[in-house]
Structures are given as C-alpha cells and as structure tokens.
Amino acid sequence: MRPYWAFFRTRFLALLQYRAAAIAGIGTQWLFGFVRVMALWAFYQSAGTAQPMAFEQAAVYTWLGQAMLGMLPWNIERKIGESVRTGSVAYELSRPLDLYAMWFARCMALRSAPTLLRAVPQFLISIFLIPAPFGMRFGGPEFAGWLAALPGALLLSSAVTALMNASLFWTVTGDGVIRLGPVLVLIFSGMTVPLKLLPDWAQTFLFFQPFMGLVDGPAQILAGSMPLARLPLLIALQWGWAAAFIAAGRLVLRRGLTRLEVAGG
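None of the values given here were measured: they were computed from a predicted structure.

> Could you give an account of the UniProt feature "transmembrane region" (unreviewed entry) in the protein, with specific residues and numbers?
Per the UniProt record, "transmembrane region" (unreviewed entry) is annotated on residues 21–43, 58–76, 116–134, 146–170, 177–198 and 233–253. Helix makes up 74% of residues 116–134 and strand makes up 0%, while its end C-alpha atoms are separated by 23 Å. The distance separating the terminal C-alpha atoms of residues 177–198 is 26 Å; by composition the span is 55% helix and 0% strand.

> How would you explain the layout of surface pockets if you had to name every residue and give the values?
By volume, the largest pocket is sized at about 440 Å³. Around the largest pocket, the lining comprises 19 residues; the ones closest to its centre are L15, N75, L110, P114 and R118. Elements represented by at least two residues in the lining of the largest pocket include exactly α1 (2–15), α2 (19–46) and α6 (99–129). Of the residues forming the lining of the largest pocket, the biggest block, five residues, is contributed by α6.

> A description of a nonpolar patch on the surface should follow, citing residues and the corresponding values.
A contiguous nonpolar patch, built from L116, V120, L124, F128 and L129 and spanning about 550 Å² of accessible area, is present on the exposed surface. Looking at where V120 falls in the secondary structure, it is placed in helix α6. Take V120: its relative accessible area is 45%, and that puts it in the partly exposed class.

> Can you lay out the packing of aromatic side chains for me, pointing to particular residues and giving the numbers?
Two aromatic rings, taken as a pair, are described by how far apart their centres are and by the angle between their planes. As enumerated under the stated definition, the model contains 16 aromatic pairs in all. For the ring pair F55 and F134, a centre distance of 5.7 Å and an interplane angle of 75° mean the geometry is edge-to-face. Residue F55 is found in helix α3 (residues 55–67), and its partner F134 is found in the loop between α6 and α7 (140–166); the two are separated by 79 residues along the sequence. Judged by relative accessible area, F55 falls into the buried class, the value being 6%. These aromatic residues form a ring-pair network of at least three members: W41, F43, Y44, F55 and F134. Over the ring of F207 we find R230; its NZ or CZ atom is 4.1 Å from the centre of that ring.

Calculation criteria
- Residue numbers here run from 1 along each chain, matching the order of that chain's written sequence.
- Local features are withheld for residues below a pLDDT of 70 in this predicted model, meaning they are given only at 70 or higher, and side-chain atom pairs are given and counted only at 80 or more; totals for whole chains, interfaces and linings count all residues.
- Only hydrogens and water are set aside; all other atoms, that is, all heavy atoms of the structure, feed into the side-chain values.
- UniProt positions are given in the numbering used here, feature names are shortened, and annotations may be inferred rather than shown by experiment.
- Counting from the N terminus, the helices are DSSP H or I runs at least four residues long and the strands are E runs at least two residues long.
- Points on a 1 Å grid, built from protein atoms alone, make a cavity when a 1.4 Å probe fits but cannot get out and make a pocket when they are open with protein on both sides within 12 Å along at least 5 of 7 lines; residues with an atom within 4 Å of a point are the lining residues.
- Grid points are joined across faces, edges and corners, and a volume is the space filled by probe spheres set on the points.
- Only residues whose relative accessible area exceeds 30% and that take part in no salt bridge are eligible for patches, with like-charged residues grouped when within 9 Å of each other and nonpolar side chains (Val, Leu, Ile, Met, Phe, Trp, Tyr) grouped when within 5 Å.
- Here the Shrake-Rupley method, with its probe set to 1.4 Å, supplies the accessible areas, and only the displayed protein chains count as covering residues.
- Here a salt bridge means any side-chain nitrogen of Lys or Arg lying within 4 Å of a carboxyl oxygen belonging to Asp or Glu.
- Think of it in three bands: with a 1.4 Å probe and only protein chains considered, a residue is buried below 20% of the maximum accessible area for its type, exposed above 50%, and partly exposed in between.
- Note on ring pairs: Phe, Tyr and Trp rings are taken, using the six-membered ring of Trp, and paired if centres are within 6.5 Å. Classes follow the plane angle, with under 30 degrees stacked, over 60 edge-to-face and the rest tilted.
- Two conditions define a charge located above a ring, namely a distance within 6 Å from the ring centre to NZ of Lys or CZ of Arg, and an angle within 35 degrees of the ring normal.

Here is the structure:
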C-alpha cells in the first residue's frame, strides 16, 4: 500500500498548488449556485401543487452540488491521458506495481484535492453569508449522515474516472469520453436537476442507477429530503456500484494492455 499512498500523496499535494484556479472556481460556483437557487425559487413560487422537496431543501441541495462539483467524474486524469497517447505508459508498466491501482490512486487525488479547496469556502459562504431560505441550513444528524456517505461518493467517482482513463486505449485523444461522460454524469447524478423533482414513474430507476450516489443521495441526506433510515441502503449502493466500476475498469485496462503497441528506442 505504501507505493500507492505515495502516488496519491504526490498528486494530491501537486493539485493543492492550483490556488488561483480554486479561487476562480469558488466565484464561478457561487454565481452558478445563486442563479440555480433563484431559478428554483421562481419555479416554486409559480408551482400550483406541492413539490416532493421543500424549497429550503432544494436550496441546500443546490449549494452542496456546487461545493462538491470537483468530485464529479466529468473528465479524465490529464497526465494519464498524455501517457497513453505518447506511449510513456510503458515506463509505468516497467514498475513492479499494479497499473490500475496506481491510476486509481491518482484519480482519488484528482477528485479530492480540488474539491477540498473549493468546498470549504463554498460551505462558509452559503451558510453564513446567504440568508434563509436561500442559503444552507441543516441539522447535526443530517450532517453526520452526509459525512458517512461522502467516502462512498469519492470512491464511486474515482472508480468511474479510472474506467474512463482505461478506455483511452481505444481512442486517439479521449475527446469522445470527455464529451459523453459529463452529459451522463450531470443528468443522472442530480447535478442538473434534483432527481426527486423528476417524474414519479422514473424514481425507482433513478435511485438505483449508479450516478445517484455521487450527488443526489448525499445531498438529499444533508437537505433532509431523504430519511436517515435509507442511509445504509445508499451507502451499500455507492460501494456496490464502485466495486462494479472497479471490476469493469480492471477488465478494460487488461484488454487494452493486450493490444498496446509502443514504438521507439
């Protein structure tokens, strides 16, 4: 485990250096969060029937989604993509280590470091500077439940990212993966619209599909729109889907390595 921890730590510390990008991201996320909350406010004010989520819950959900945007698997690990494209992945294969585990450690750093830089200021802004009912307000049990679901979301996101990285053996630049991945993730994770506001006939599918555990499930726990009694099922789904994506990523990587050709001296 020590070599893989070293890969994670090195990449994590390197990503923490991008403070200017994090500051810009905080401003961007705050603006998008404000626009989304105001759009939801207009929707709730004009709705003629009761909604599955109270507006205060939808506001918490929205701000949390903006704070945790960096954890979504919406892109690949750039250095891994370059190594596959240039053939320098051959140097990584020469190490007496598991290639997938090395890549997975880097994916964990990619999903955690930028999120940490942006999430803490975003939380403070939405809690202390934005008045009710437009800001974030939640109770202690809900916050503890969200913390319990957070490791599963990180693991699931890293597993999806690792699978996207492994798919690069079948592409030239990875642009297809980068463009298709965010569409699926943003819609089915609940980042675009809270899944609970979608039609009732789709709720069972939306709850059990893999991307729910990235944003929607943890956010509903924190907002109080999902009972804490469902937390064990949510965590089980997160870890189960993460295991499935890890198995798929290992399979795709193993198949990709059988067709890998590296030319040069």
